[in-house]
Amino acid sequence: MEDQIEKRKLEITDRQVLELPQDVRFCTRCVMSNQRPRITFDEHGVCSACRYAEYKQSKIDWDARRREFIALCDRFRSKDGSYDVVVPCSGGKDSSTIAHRLKAEYGMHPLSVTFSPPVYSDIGWKNLRRFIDAGFDHVLVSPRGDVNRALTRLSFELYGDHNEIFDRGQMSAPFRVAAQHGIRLVMYGENGEAEYGGSSNYNECPGLPWDAFEKVYYSENLDKICSLANELGYTKSLTLNDMSSYRLPPIEDLRKLGLEMHWFGYYHHWIPQENYYYAAKNTGFHASPEGRMEGTYSKYAQLDDLTDAFLYYMMFIKYGFGRCTSDAAHEIRDGHLTREEGVALVRKYDGEFPEKTFHVFLDYLQIDEGTFWRTVDKFRQKHIWTRQDGEWRLRAQVS
Ligand SMILES: [Zn+2]
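None of the values given here were measured: they were computed from a predicted structure. Every chain's residues receive numbers from 1 upward, in the order its sequence appears when written. Since the coordinates come from a predicted model, pLDDT governs what is reported: local features require at least 70, and pairs of side-chain atoms require 80 or more to be given and counted, while whole-chain, interface and lining totals use all residues. Only hydrogens and water are set aside; all other atoms, that is, all heavy atoms of the structure, feed into the side-chain values.

(A) Layout of helix α16 (residues 339–349). Exposure classes here rest on a 1.4 Å probe applied to the protein chains alone. A residue is buried below 20% of its type maximum, exposed above 50%, and partly exposed in between. The secondary structure listing takes helices from DSSP runs of H or I that are at least 4 residues long and strands from runs of E that are at least 2 residues long, numbered from the N terminus. Listed as buried for α16 are G342, V343, L345, V346 and Y349. Taken around the axis of α16, the buried residues stretch over an arc of 165 degrees, which confines them to a single face. Exposed and oriented more than 90 degrees from the buried face of α16 are E340 and K348. Any two residues having at least one pair of non-hydrogen atoms within 4.5 Å are treated as being in contact. Buried residues along α16 sit in contact with α15 (323–333). Of the residues flanking the end of α16, it is G351, one or two places downstream, whose phi is positive at about 80 degrees. The directions considered for the arc are those from the helix axis to the C-beta atoms.

Following this line, the structure appears as structure tokens:
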């Protein structure tokens, strides 16, 4: 019985890894790999994210977009000071900047909403407090602890992405809170698919269409996760009602409420480094006191969750590129790094094992090191990895 369960666990995988191109290539302009799900490369070997960055810098009339944004705010702004926009907010540099600018520059009345990460870091919690203290109302949505732990483990073992379940919570909580308060506008940051390389279907959309949510953001639907959790022994008799923290309200209800989701980055030129300076100045945001994060050179992004480094580590295992590649690619596109500097940073830091938080990760998932490494090896793709002299090596690296 137990063997059968283990066998089932090994068979289930992230459908995205099955769709990867079998020849690994890197963008000739940034350092991104063609293994990034949904990214495309053109005939010059340039990735879709670089093309989008070029388009943003040269073709978009940002003054016109700003006027569009003002018109949007005018349509939703409350006259009596009641909440008129929900800002999904981790207390990080980007969401803090958006909430602050909505209030200070556009006269909006934001309610910020955080879906609690699995294990708060000290710096993440302090940044969130500093943000709230800077003058923001805030709702913290915490999922049921035992269910969240079990589903995080399931997400890691079955899909190689322990945040699969967190992402659902993070994506749906702001809409549930908005619906509860009768707020009709939810303001997200950037269109990640366009900015970092992914599907370009929504590049011209001010927000993600409702019917695309499931397809773009999640690997697996919630009913399936629920039944797998029970079948494979992660939970006993879990029901969809126990998973309400991860559910988007029915889309028909959201439409009926007239609720709209928009990307701040559609209307404003999105530069993460500038958000860092803005948040440091206006909402008391602090970079990591320990210097750079493991797996990259950056010290100001994704600080709030102690398990986060394993998201990037598993990305490195599944796709052959890690956190440093993502950071460097974006900074090359913004003109803050040359490609040569980016390549050097990637070769130095990409895929570095998150030693500092390994015990936190194992503890939270309640797994031992053997299970961890078995799961890691399950997600190594043959066209990306080769084993030489007892060590795993990437077949292709950016150069
Ligand atoms: Zn590129």
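The structure having been displayed, the exposition proceeds.
(B) Empty space enclosed by the protein, seen in detail. Lining residues are defined by having an atom within 4 Å of a point belonging to a cavity or pocket. Those points lie on a 1 Å grid over the protein atoms alone, cavities being sets where a 1.4 Å probe fits but cannot get out and pockets being open sets with protein on both sides within 12 Å along at least five of seven lines. Grid points are joined across faces, edges and corners, and a volume is the space filled by probe spheres set on the points. All chains considered together, the criterion is met by 3 cavities of 30 Å³ or more. The computed volume of the largest cavity comes to approximately 70 Å³. Lining the largest cavity, in full, are E294, G295, A309, Y312, Y313, G322, R323, G351, E352 and P354. Throughout this entry, Asp, Glu, Lys and Arg are counted as charged residues, while Ala, Val, Leu, Ile, Met, Phe, Trp, Tyr, Cys and Pro are counted as nonpolar. The remaining residues, Gly among them, count as polar. Along the lines of polarity and charge, the residues of the lining of the largest cavity split into 4 nonpolar, 3 polar and 3 charged. What the second largest cavity holds in volume is close to 40 Å³. As for the second largest cavity, its lining consists of Y52, N191, E195, Y202, N203, C205, W263, G265 and Y266. Considered class by class, the residues forming the lining of the second largest cavity number 5 nonpolar, 3 polar and 1 charged.

(C) Local environment of the packing of aromatic side chains. In summary, the pairing rule links any two rings of Phe, Tyr or Trp, Trp by its six-membered ring, whose centres are within 6.5 Å, and it sorts them by plane angle into stacked for under 30 degrees, edge-to-face for over 60 and tilted for everything else. A full pass over the atoms with the stated rule returns 29 aromatic pairs. Here the aromatic rings of F69 and Y106 are separated by 4.7 Å at their centres, their planes lie at 75 degrees, and the arrangement is edge-to-face. With F69 in helix α3 (residues 62–76) and Y106 in the loop between α4 (93–104) and β2 (110–115), the pair connects residues that are 37 residues apart, well separated along the chain. With centroids separated by 4.9 Å and ring planes inclined at 70 degrees, the aromatic side chains of Y120 and W125 adopt a geometry described as edge-to-face. By relative accessible area, W125 is classed as partly exposed at 38%. Among the aromatic residues, ring-to-ring pairing joins F156, F310, Y313, F353, F358, F361, F372 and W373 into one connected group. Two conditions define a charge located above a ring, namely a distance within 6 Å from the ring centre to NZ of Lys or CZ of Arg, and an angle within 35 degrees of the ring normal. Over the face of the ring belonging to F136 we find K103, whose NZ or CZ atom lies 4.9 Å from the ring centre.

(D) Broad picture of the layout of surface pockets. For the second largest pocket, the calculated volume is near 410 Å³. The element best represented in the lining of the second largest pocket is helix α5 (residues 122–133), accounting for 3 residues. Split by residue class, the lining of the second largest pocket holds 7 nonpolar, 4 polar and 9 charged. Domain segmentation is taken from an automatic or database assignment of domains. Two domains each provide a minimum of three residues to the lining of the second largest pocket, namely domain 1 (2–57 + 293–394) and domain 2 (58–267).

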